[in-house]
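Given next are the chains, with one letter for each unit.
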Amino acid sequence: GLHLSFQGNVHRSLILTQELLRLVNLFKAAQIPVLPFKGPALAASAFGKLSLRQTGDLDLLVSPEDLDRASNLLIQEGYEIDIDLPYERHLVREEYNIDLHPVVAPKQLVASLSNEEIWQNIEQIDLKGTSIDNITPEVTLLILCLHGTKECWLKLNRICDIAELVRYTPLLNWNQVMERSHR
């Protein structure tokens, strides 16, 4: 039961992480800046282990100007557009679901968190021996709160993501978080 579920999650996490690393390299080669958020990047930076967080899809932030180029690159890799919304584009291929985001959440939720601010708050993390760009914990915390709000806090995993990020980041700059959240 539970052991098999955990093993299935570990397997899925590894498969998605491999695909994420492949896509990050693909985007880099095409000179399309991309920032993974949630998914394996969050598992590594907030939980410390890929196996401790369930991941269903890969969320990638690209600039609004690069959204079509990024989509076309994924289409060349066999992905197909499934859903196209103003704040995210879902692409699918076999067992992979990619959510391309030109913004991190719908406009009414992110009035004070600009893409420029997100792109200026990047750090490097290690993901399976590869260094990738990641959004800083302070900005990630705000993004997780925005996503929880977008989904009306219906999923317990949103609360767990926040709790683990705070627990795993003891030097979180709370002054920065509070200043940004007040805006």
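These remarks concern the structure in this document. Fair warning: this is a prediction, and the values are worked out from it, not measured in the lab. (Residues numbered from 1 in each chain as written. Predicted model: local features only at pLDDT ≥ 70, side-chain atom pairs only at ≥ 80, totals over all residues. Heavy atoms only, no water.)

**Description of the overall build of the protein**
Along the protein, the regular secondary structure elements total 7 helices and 7 strands. In sequence order, the protein lays out its α and β elements as α-β-α-β-α-β-β-β-α-β-β-α-α-α. At 16 Å, the protein has a C-alpha radius of gyration in line with the 16 Å of a compact globule built from 183 residues. C-alpha extents for the protein along the principal axes are approximately 45 × 45 × 30 Å. A total of 183 residues make up the protein; the buried ones form 49% of that total. Nonlocal contacts in the protein, meaning residues at least 24 apart in sequence, comprise 63% of its contacts between residues at least 6 apart. When the accessible area of the protein is evaluated, it comes to approximately 9600 Å², of which 56% is carbon and sulfur surface. When the 17 positive and 24 negative side-chain charges of the protein are each reduced to one mean point, those points stand 4 Å apart. (Helix = DSSP H or I, 4+ residues; strand = E, 2+ residues; numbered from the N terminus. Rg over C-alpha atoms; globule rule 2.2 N^0.38 Å. Buried < 20%, exposed > 50% of the residue type's maximum accessible area, 1.4 Å probe, protein only. Contact = heavy atoms within 4.5 Å. Areas by Shrake-Rupley, 256 points an atom, 1.4 Å probe, with all protein chains shown as cover. Lys, Arg positive; Asp, Glu negative; His and termini not counted. Charge placed at Lys NZ, Arg CZ, Asp CG, Glu CD.)

**Topic: the pairing of strand S6 (residues 122-127)**
Across 6 bridges, the pairing between S6 and strand S7 (residues 130-135) is antiparallel. Across the sheet, the residue bridging to Asp126 is Ser131, located in S7. Counted between consecutive antiparallel strands, the loop separating S6 from S7 contains 2 residues, among which Lys128 sits at a positive phi close to 55°. (Pairing = 2+ DSSP bridges.)

**Some details on a nonpolar patch on the surface**
Taken together, the side chains of Trp153, Leu156 and Ile159 present a nonpolar region at the surface, about 310 Å² in accessible area. With respect to the secondary-structure elements, Leu156 resides in helix H6 (residues 156-168). (Patch = residues over 30% accessible without salt bridge, like charges linked within 9 Å, V, L, I, M, F, W, Y side chains within 5 Å. Salt bridge = Lys/Arg side-chain N within 4 Å of Asp/Glu carboxyl O.)

**Let's talk about the environment of Leu50**
Its location among the elements puts Leu50 in the loop between helix H2 (39-47) and strand S2 (58-61). Note on Leu50: relative accessible area 14%, which makes it buried. Along the primary structure Leu50 and Ser63 are separated by 13 residues, whereas in three dimensions their C-alpha atoms are 27 Å apart. Setting aside residues no more than four positions away along its own chain, Leu50 makes contact with Ser13, Leu14, Thr17, Pro40, Ala43, Ala44, Leu127 and Lys128.

**So, the pattern of salt bridges**
With the rule as written, the count across this model stands at 13 salt bridges. When the shortest N-O distance is used, the salt bridge between Asp161 and Arg53 registers 2.8 Å. Remark: Arg53 occurs in the loop between H2 and S2 and Asp161 occurs in helix H6; sequence separation between them is 108 residues. Arg53 shares its class with Asp161; the two are buried.

**Some remarks on H2**
Within H2, 9 of the 9 residues are buried, which leaves it mostly tucked inside the rest of the structure. Every buried residue belonging to H2 is among Gly39, Pro40, Ala41, Leu42, Ala43, Ala44, Ser45, Ala46 and Phe47, and all of these are buried.

**Overview of H6**
Taking 1.5 Å per residue, 13 residues should reach 18 Å; H6 reaches 18 Å between its end C-alpha atoms and fits that length. Every buried residue belonging to H6 is among Arg158, Asp161, Ile162, Glu164 and Leu165, and all of these are buried. One side of H6 holds all its buried residues, which, seen down the axis, span an arc of 165°. Residues of H6 that are exposed and point over 90 degrees away from its buried face: Leu156 and Arg167. Looking at the buried positions of H6, the neighbouring elements they touch are H2 and helix H5 (137-150). (Expected span 1.5 Å × (residues − 1). Arc of directions from axis to C-beta.)

**Description of the state of the cysteines**
Within this structure, the stated rule accounts for 0 disulfides. The structure places no disulfide on Cys152, whose sulfur is separated from the nearest cysteine sulfur, that of Cys145, by 14 Å. Given the relative accessible area of 56%, Cys152 is considered exposed. Residue Cys160 stays outside any disulfide, its sulfur separated by 14 Å from that of Cys145, the closest cysteine. Judged by relative accessible area, which is 36%, Cys160 ranks as partly exposed. (Disulfide = S-S within 2.5 Å.)

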